[in-house]
Amino acid sequence: VQLQASGGGLVQAGGSLRLSCEASEVTFSRYSMGWFRQAPGKEREFVSSIDWNGRRTFYADSVKGRFTISRDGPRNTVYLQMNSLRPEDTAKYLCAASRRYYSGTDDSENYDYWGQGTLVTVSS
């Protein structure tokens, strides 16, 4: 499975971005998907996950109410809509796929495939 993330960029605080992650695998619906982020000098942290059929979603407390994860099966794509962005959201955002945890998971160890990431910079 290859994952291609896109949609990052520079935005002012309070603005919005939508990240996309397209999967090459035709059995995309068998994977739960997750977004993680890593800021310079910090550890990778969980942002959000969605289960294999899009019915269960999870969010880190820091993004709850501001970010929304969704998936489009026919397009093999998962999205992360980010609203009310803050400078502390600045990071490289990575998407990941898990074939073992259909319901979604916040543990990076449970993901089997990773994309290269897309950079989000939020200016104050």
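See the structure shown above.
**Quick look at the overall build of the protein chain**
Secondary structure assignment for the protein chain yields 0 helices and 11 strands. Listed N to C, the secondary structure of the protein chain is β-β-β-β-β-β-β-β-β-β-β in terms of helices and strands. Dimensions of the protein chain along its principal axes, counting C-alpha atoms only, are 40 × 25 × 25 Å. Counting the 124 residues in the protein chain, one finds 44% classified as buried. By element, 43% of the accessible surface of the protein chain is carried by carbon and sulfur atoms, the whole surface being about 6600 Å². Each charge sign in the protein chain was given a centre, from 15 positive and 13 negative side chains, and these centres are 4 Å apart.

**Remarks on the environment of R18**
Inspection of the secondary structure assignment puts R18 in strand β3 (residues 17-23). In contact with R18, other than residues within four places in its own chain, are S6, G7, Y79, L80 and Q81.

**A look at the environment of T57**
Relative to the helices and strands, T57 is located in strand β6 (residues 57-59). According to the relative accessible area criterion, T57 is partly exposed, its value standing at 34%. Here the alpha-carbon distance between T57 and Y102, two residues 45 residues apart in the chain, equals 11 Å. Aside from chain neighbours lying at most four places away, what touches T57 is S49, I50 and I69.

**Remarks on the sheet that holds β3**
A sheet is described by the order of its strands in space; here 4 strands give the open sequence β1-β3-β8-β7, paired in antiparallel fashion. Only two strands of the sheet have a single partner each, and these edge strands are β1 (3-6) and β7 (67-72). Each adjacent strand pair in this sheet contributes to an overall mean axis angle of 15°, direction not counted. Across 6 bridges, the pairing between β3 and strand β8 (residues 77-82) is antiparallel. Looking at β8, one finds that E22 is bridged to T77.

The rules behind each value
Residues numbered from 1 in each chain as written. Predicted model: local features only at pLDDT ≥ 70, side-chain atom pairs only at ≥ 80, totals over all residues. Heavy atoms only, no water. Helix = DSSP H or I, 4+ residues; strand = E, 2+ residues; numbered from the N terminus. Buried < 20%, exposed > 50% of the residue type's maximum accessible area, 1.4 Å probe, protein only. Areas by Shrake-Rupley, 256 points an atom, 1.4 Å probe, with all protein chains shown as cover. Lys, Arg positive; Asp, Glu negative; His and termini not counted. Charge placed at Lys NZ, Arg CZ, Asp CG, Glu CD. Contact = heavy atoms within 4.5 Å. Pairing = 2+ DSSP bridges. Axes fitted to C-alpha atoms, helices over the stretch in contact; angles between N-to-C directions.

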